[in-house]
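Fold and contact review
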Amino acid sequence: MPALHELSAHDLVSAYAKGELSPVEVTRAAFARMDAWEPKINAMYRVARDAALAQARDAESRWRTAAPRSALDGVPLTIKENIYTHGDPAPIGTRANEAAPPQTADAPAAARVREAGCVLLGKTTMPDYGMLSSGVSSLHGVTRNPWRLDRNPSGSSSGAGAAAVAGYAPLHIGTDIGGSVRLPATHCGIFALKPSLGRIAVHPPFMGRVAGPMTRTVTDAALLMNVLTRPDARDFMNLPFEDRDYVRGLQEFDPKQLKIGFLPDMKAGMAVNGEVRAAADAAAKALAGAGATVAEIPSFLTPDMLDGMCRFFEARLYNDFVALPEERQQKVLPFVAQWCTWRAARFTGRDVMQAYNQVMAMREATVAACQPFDYVISPVSPILPYEAELAGPNSDPHDALAHIAFTVPYNMSEQPAASINWAASRDGLPIGVQLIGRRFDDAGVLKLARLIEQLRPAQRAWPEPG
């Protein structure tokens with residue numbers, strides 16, 4: 001039998017139902033795994049050992065009486081630091097907020113998994129304000145990639161990505177406003193879904209911001225979607241609830257009916273690494289070999305659109321930064337402080353609106369490019385995992401988002417997009433591919449991801465703390 005940390009959520013609930021495993025022993029094994037890895041990777045902000053064991057004992061009692069709360073009752077899980085959980089501070093990754101008070105209520109995603117009986121092991125790390133695709137934080141320190149400790153797990157759901165690789169739990173929840181679940185997924189070799197805007201309730205909602213599952217398998221992500229997609233009135237952008245079983249839907253797919261666009265190069269931002277391009281090519285060819293119609297499509301993103309997105313994010317963060325007292329401004333990660341002030345301090349209202357108009361142009365171009373196809377496939381990140389200590393892959397706060405050209409358009413267009421590992425680089429680093437669906441077709445993206453999971457090359461064994 002595999003070690004407990006190797007079992008999927010699907011495996012665990014099956015074993016719980018048969019009385020072969022207990023949520024208590026699984027939770028203890030999760031903390032043992034955390035104890036072995038955490039000194040090396042620093043993926044956790046808070047560890048809720050006592051509370052988690054109490055939740056596991058309650059779940060054990062429910063399974064014993066054949067009365068589980070859900071199909072995920074008793075399954076261990078982590079939640080990203082910025083998703084509010086009752087009783088825990090949410091400093092949003094920055095030392096400027098190190099005195100943040102405990103939250104008085106769960107955010108929607110946290111509320112849904114508690115209702116389902118999941119065992120919350122703790123909160124995962126993130127960079128300052130979630131504004132970096134990096135594991136570097138002024139508050140949390142450096143989160144490292146378990147595949148190679150000198151490499152970055154990417155971000156901003158950096159701790160969640162690293163924790164998934166290390167086997168802390170089968171389920172993790174991150175957030176994504178420009179690539180923040182998909183970039184850690186490609187650099188950590190896991191699966192992550194950025195759902196359609198509003199599919200999973202968030203609070204407070206914001207343009208492009210979503211919460212999404214981060215798991216080792218597509219089936220586990222579908223299981224988590226069954227729980228997370230339940231509605232919450234606090235999200236005024238929440239989509240109408242669809243009472244669907246995402247797991248059952250994974251089986252209903254015929255690739256011969258699919259028309260897929262292949263976007264190998266966005267031609268904006270950083271150049272595409274040759275090994276990243278080769279992985280995307282191979283995935284597209286595999287889909288064609290399975291019977292899908294695959295056609296290469298040109299880039300739809302211009303450098304002006306990408307710069308407009310960057311300027312909009314700069315203005316948004318600068319607005320928060322200048323509201324801080326000077327002594328707290330000094331605690332923000334210097335890279336982030338420089339990024340949000342170097343030009344935003346001089347922005348006029350016209351500058352901000354011009355940036356916003358570029359974001360809307362990006363949205364229009366993205367939808368138009370995807371419209372002729374059922375799905376689009378592309379790289380996730382143009383690069384391989386970079387150095388762990390760097391706040392950004394090019395170390396330039398004046399060009400901080402050059403690596404998100406493949407991911408951010410779908411936040412703005414509100415389309416579902418996923419990252420799934422395909423293969424490894426010559427140096428053994430993960431390389432994922434991105435799968436994009438039309439708006440609202442989250443179930444379809446999961447089905448396509450399950451197909452890719454079956455078509456891809458044999459995967460390496462997960463790393464051990466050693």
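Provided above is the structure to which this section pertains.
The notes below deal with the structure included here. Here, residues in each chain are numbered from 1, in the same order as that chain's written sequence. Thresholds applied to this predicted model are a pLDDT of at least 70 for local features of residues and 80 or more for the giving and counting of side-chain atom pairs; totals over whole chains, interfaces and linings are not thresholded and use all residues. In computing side-chain values, all of the structure's heavy atoms are included and hydrogens and water are not.

To continue, consider the overall build of the protein. Segments assigned H or I by DSSP are reported as helices when at least four residues long, segments assigned E as strands when at least two residues long, and all are numbered from the N terminus. The number of helices and strands found in the protein is 14 helices and 13 strands. Between the two quantities, the radius of gyration covers C-alpha atoms and the globule rule is 2.2 Å times the number of residues to the power 0.38. At 21 Å, the protein has a C-alpha radius of gyration in line with the 23 Å of a compact globule built from 466 residues. Along the first, second and third principal axes, the C-alpha set of the protein runs to 65 × 60 × 45 Å. Throughout, exposure labels follow a simple rule: accessible area from a 1.4 Å probe, protein chains only, divided by the maximum for the residue type, with under 20% read as buried, over 50% as exposed, and the rest as partly exposed. Buried residues in the protein amount to 61% of all 466 residues. Counted over contacts in the protein with a minimum sequence separation of 6, partners at least 24 positions apart contribute 78%. Accessible surface computed for the protein: about 17,100 Å², of which carbon and sulfur atoms make up 51%. The contact criterion used throughout is that any non-hydrogen atoms of two residues lie within 4.5 Å. Shrake-Rupley sampling with a 1.4 Å probe provides the accessible areas, and residues are treated as covered by the protein chains on show and by no other component.

Turning our eyes to something else, we now look at the side chain of arginine 182. Within the secondary structure, arginine 182 sits in helix α6 (residues 182-188). Any N or O atom pair separated by 3.5 Å or less is treated as a polar contact, with the protein-specific requirement of one donor-capable and one acceptor-capable atom, and with residues adjacent in sequence counted only for side-chain atom pairs. Engagement of the side chain of arginine 182 in a polar contact is seen with the side chain of glutamine 434, the distance being 2.9 Å. If sequence neighbours within four positions are ignored, arginine 182 has contacts with Asp176, Ala192, Lys194, Val380, Thr407, Tyr410, Asn411, Ala417, Ala418, Ser419 and Gln434.

For this analysis, a salt bridge means a side-chain nitrogen from Lys or Arg found within 4 Å of a carboxyl oxygen belonging to Asp or Glu. The tally for this structure, following the rule as stated, stands at 26 salt bridges. Notably, a salt bridge pairs arginine 182 with aspartate 176, separated by 3.0 Å at the nearest N-O pair. Across the pair, exposure class does not vary: arginine 182 and aspartate 176 are buried alike. Each member of the salt-bridge network shares a partner with another, and the members are Arg112, Glu115, Asp232 and Arg234.

Attention now goes to the layout of surface pockets. With a 1 Å grid spanning the protein atoms alone, the term cavity applies to any set of points in which a 1.4 Å probe fits but cannot get out, the term pocket to an open set with protein on both sides within 12 Å along at least five of seven lines, and the term lining residue to any residue with an atom within 4 Å of a point. Grid points are joined across faces, edges and corners, and a volume is the space filled by probe spheres set on the points. By volume, the largest pocket amounts to about 630 Å³. Lining the largest pocket are 30 residues, and of these Asn82, Ile92, Tyr129, Arg209 and Arg316 lie nearest its centre. When residues of the lining of the largest pocket are traced back to their parent elements, those giving at least two are α4 (108-115), β6 (171-176) and α9 (303-321). With three residues, the single largest contributor to the lining of the largest pocket is α9. Gly is placed with the polar residues, together with every amino acid not listed as nonpolar (Ala, Val, Leu, Ile, Met, Phe, Trp, Tyr, Cys and Pro) or charged (Asp, Glu, Lys and Arg). In terms of residue class, the lining of the largest pocket is built from 18 nonpolar, seven polar and five charged. Every residue lining the second largest pocket is counted, 26 residues in all, and those nearest its centre are Gly189, Arg216, Arg456, Gln459 and Trp462.

Within the structure shown, the criterion is met by four cavities of 30 Å³ or more. Around the largest cavity, the lining comprises 13 residues; the ones closest to its centre are Gly130, Met131, Gly178, Ser180 and Leu401. Of the residues belonging to the lining of the largest cavity, the class tally is eight nonpolar, five polar and no charged. Roughly 80 Å³ of volume is contained in the second largest cavity. Leu4, His5, Leu7, Leu12, Val26, Ala29, Ala30, Pro76, Gly167, Tyr168, Ala169 and Pro170 together form the lining of the second largest cavity. When residues of the lining of the second largest cavity are assigned to their parent elements, the largest contribution, three residues, is made by helix α2 (residues 23-41).

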